[in-house]
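# A closer look at the structure
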Amino acid sequence: MKLVVVESPAKAKTIEKYLGPGHRVLASYGHVRDLPAKDGSVDPDNGFAMEWEAYADKTRQLKAIADEAKDADTLILATDPDREGEAISWHVQEVLRKRRALPQDVRRVTFNAITKPAVLDAMAHPRALDEDLIDAYRARRALDYLVGFTLSPVLWRKLPGAKSAGRVQSVALRLVVDREREIEAFKPQEYWSVTADMEQDGVPFVTRLVRWKGEKIDRLTIGNQGDAEAAKKDVEAGRFAVASVETKPLTRNPPPPFTTSTLQQEAARKLGFSASHTMRVAQNLYEDGAITYMRTDGVQMDGGAISAARSAIADRYDASYVPDKPRQYQAKAKNAQEAHEAIRPTDFSKDRVGTGDHARLYDLIFKRALASQMASARLERTTVELVDGSGSHGLRATGQVVLFPGYLALYEEGRDDEGDEDSKRLPRMKEGDAPAKKAVQAEQHFTQPPPRYSEASLVKKMEELGIGRPSTYASILQTLKDREYVTLEKNRFIPQESGRLVTSFLERFFDRYVSYDYTAGLEESLDDISGGRAEWQKVLEAFWRDFKPKTVEVMEQKPSEVTAALDEFLGPYLFPDKGDGSDPRLCPACHEGRLSLRGGRFGAFIACSNYPECKYTRRFAQKGGADEGEDSGPVTLGTDPATGLEVTKRSGRFGPYVQLGDGKDAKRGSIPKDIPAEDFGLDWALKLLSLPREIGLHPETGKPITASIGRYGPYLAHDGKYGRLSSTAEVFETGMNAAVVKLAEAAAGGGRSRGASREPLKMFGANPETGAEVKLMEGRFGPYVTDGTTNATLPKSTDPATLTLEGALALLAERAAKGPAKGKKKAAPKKAAAKTAAPKKAAAKKAPAKKKVEKA
């Protein structure tokens, strides 16, 4: 018997079906072990020896693999065809070796698509484990561990509020912060454009002023309204005729098929997907056999796929859309071992797969791959120059015409920042023509700062700089969001205070390790390991030799020294020159003290040196000046008539709040964002401080119903159950009847408990052959269809909402053809009591099981 180990259970079922009898296919469910999250898991003083620990949730799976391996003649490691897949195979092999369950015959196979031909071809061409890729994995894992477990404690002790740092994560964060600094430092410049609406033979077109009073006009030449109006009048008064018409042919070649990075970028632009969502959906499509492996730097397709693509193009279009020769693309990856085939459909005859997001992403992959083998687009770019009678003023119109669409008939690559006047159509004109002038406009503009990064543009920038690897980008961006170092607004990254402070700290004390060039150079060294051009331990030694002393040096500094160094480092940013010669650090409240950076329990802030006499503060990331939301101390709103205590409005780590009295026991309440600032006063403050509000006793249970405001907004509470309210006003206005209804609705929509009756998600109707009712149900592992006899789980790429009776019957038929599911082994019958009469020896108490830690 041959034991085959893959990563996912979905792949295991499909591959076992392809291989047939004599093969047992089991899934590892991803990585099976990792470095324990504790000090000492990597020992730099002992050749960077690593201790590996099996994941607790993989114990059963490893046992199942080991049990099968003991009876197997051959072990076939068929995990994913990349560095991580190679590492998983190595981990499985090492675990089996330590358990003395490793068969003598061990083979490694890889396939780029889960199709029967690809799998059978891979099985016919096994190889040994790639030690270079395994070394590269170990080096990366050790580096990430050493940075995280050495640098993060420095952050926690020296920078309150900081959560973590990472080798690539921190550099990606710096990109976001640097872009925000550029935006803040940007000074808009005024400029004006003068355009004329014209018409020739009934076809309108737009021209722009490019020469005025004999001088060339650039974008910023006309900088004020006076000049703009003068230029407008000159254009209105002039009679313009065509001086020249220049036509140039253009050829646009199709882009190559998707790599991991370009797929993430294009899915973000065209579908609005996050990088992590793109990779999840692509993983499902790969496991369903619809596309090739989705973690790749390669842009080439194999010969069979190219032939299939060319045939599909010929079927869709005429022969002119098929180029004379197949297109070949050059991979940018430095490591041939990591430059796998591009992401493409496994079957070019299928232009649709799945539903919902799966269908949309497949459509994108299909069109890009097919377009990559289509003919080039032929265009014609036309530039028309017009001059007035004096020859002093000139207008220009540009446009382009698509002569032959080629690949553009199917696919056009998206861009992060649109805007192309050349794509406009122009009427036919010749020298001497005098188009009719319909209107002239002078419009004011201001230069714009560089845009904040979107997921697509940040991924593109990281790839351009050589920071990280495309397969890790999704998890890196997700970590930045999870740590709340950044937020996404309108699909653009905005750094938060904590993210800016961490970046500033690392720039000041660990500048080399958040340097773009250094990080890219380290990536090249890691690539050299996977290519067999460098030794992994020497690369780690070179890094650790400088990194460890630096962390020790910073750790020895007092927090106050760190804050003082950051205050000096950030001075130009936190206290910019006002341009009037005044001290930018002068306190705007008392006009005597000087402002400086301070460290607090919840992070950094700006405060006056005259504290406690002057209580002016502002958040770290705010600039000084009027209307900047600075906190000059508590604002007295009035006195609580019930207690006689003072009610104040204050600003804290989580925003503005109200407080009743002083001291540790003072009552506080956050001020919700949906209360207009102009309406907020003592009345609102007393309402917030009175929460929770008791609405009354529930008519059925006799227990109180309360309304309040929590971490996730306004809500109702009753007997451990909750209902959401839509606004702060509802907290004080909701009556008993409305509260009972809202709580009932929340209970009905909050899911069912175990043992509750299950209602079908959808009824399809009767099976025309058996008459049994076919239903869609929600199961423990997702939705499935059933006819009462057979259950069939829906593929991940199928949207339950669009499933039809025909689709459900097809799934049931496929499941029934596979035969009954393997059940649990029946318990052996109990032996007769007479045979068990002999008393058992008291079993010695076992010590608690220890976690198994293995050294590499």
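Residues numbered from 1 in each chain as written. Predicted model: local features only at pLDDT ≥ 70, side-chain atom pairs only at ≥ 80, totals over all residues. Heavy atoms only, no water.

Before going further, it helps to examine the sheet that holds strand 7 (residues 105-108). Note: strands within a sheet are paired through backbone hydrogen bonds, in either parallel or antiparallel orientation. Ordered in space as 2-1-6-7, the four strands form an open sheet in which the pairing is parallel. Because the sheet does not close on itself, it has two edges, and the strands there are strand 2 (23-27) and strand 7. In this sheet, adjacent strand axes meet at a mean angle of 20° when their direction is disregarded. In this structure, strand 1 (residues 2-6) lies alongside strand 2, joined through five bridges in parallel fashion. (Pairing = 2+ DSSP bridges. Helix = DSSP H or I, 4+ residues; strand = E, 2+ residues; numbered from the N terminus. Axes fitted to C-alpha atoms, helices over the stretch in contact; angles between N-to-C directions.)

Under the 1.5 Å per step criterion, the end-to-end length of helix 6 (residues 169-185) is 25 Å for 17 residues, consistent within 8% with the ideal 24 Å. Burial of helix 6 is extensive: 13 of the 17 residues sit out of reach of the surface. (Expected span 1.5 Å × (residues − 1). Buried < 20%, exposed > 50% of the residue type's maximum accessible area, 1.4 Å probe, protein only.)

Another aspect to go through is the pairing of strand 23 (residues 667-670). Residues in a regular strand project their side chains so that they alternate between the two faces of the sheet. Across four bridges, strand 22 (residues 655-660) lies against strand 23 in antiparallel orientation. Following the sheet pairing, Tyr657 is matched in strand 23 by Ser670.

One can describe the packing of helix 14 (residues 497-509) onto helix 17 (residues 559-569) by two numbers: an axis separation of 10 Å at closest approach and a directional angle of 95°. Classified by the angle between their axes, helix 14 and helix 17 sit roughly perpendicular to one another. Packed against helix 14, whose contacting residues are Leu501, Ser504, Phe505, Glu507, Arg508 and Phe509, the element helix 17 presents Val562, Ala565, Leu566 and Phe569 at the interface. Among the residues making up the contact of helix 14 with helix 17, the classes are represented as seven nonpolar, one polar and two charged. (Parallel < 35°, antiparallel > 145°, perpendicular 65-115°, else oblique. Contact = heavy atoms within 4.5 Å. Nonpolar A, V, L, I, M, F, W, Y, C, P; charged D, E, K, R; others polar.)

Here Ala128 shows up in the loop between helix 4 (116-123) and helix 5 (131-158). Separated by 22 residues in the primary sequence, Ala128 and Val106 place their C-alpha atoms 7.8 Å from one another.

Attention shifts here to unusual backbone geometry. Residue Tyr611 is joined to Pro612 through a cis peptide bond whose omega torsion reads 10°. Secondary-structure assignment places Pro612 in the loop between strand 18 (603-608) and strand 19 (617-619). Cis peptide bonds are those with omega within 30 degrees of zero, and the linkage from Leu691 to Pro692 qualifies with 5°. Topologically, Pro692 is positioned in the loop between helix 19 (682-689) and strand 24 (693-697). In this model, Phe48 sits at a positive phi of 60°, which is unusual for a non-glycine residue. Assignment of secondary structure puts Phe48 in the loop between strand 4 (42-43) and strand 5 (49-54). For Phe48, a relative accessible area of 2% puts it in the buried group. In this model, Glu484 sits at a positive phi of 60°, which is unusual for a non-glycine residue. Summarising the element assignment, Glu484 is placed in the loop between helix 13 (470-482) and strand 15 (486-489).

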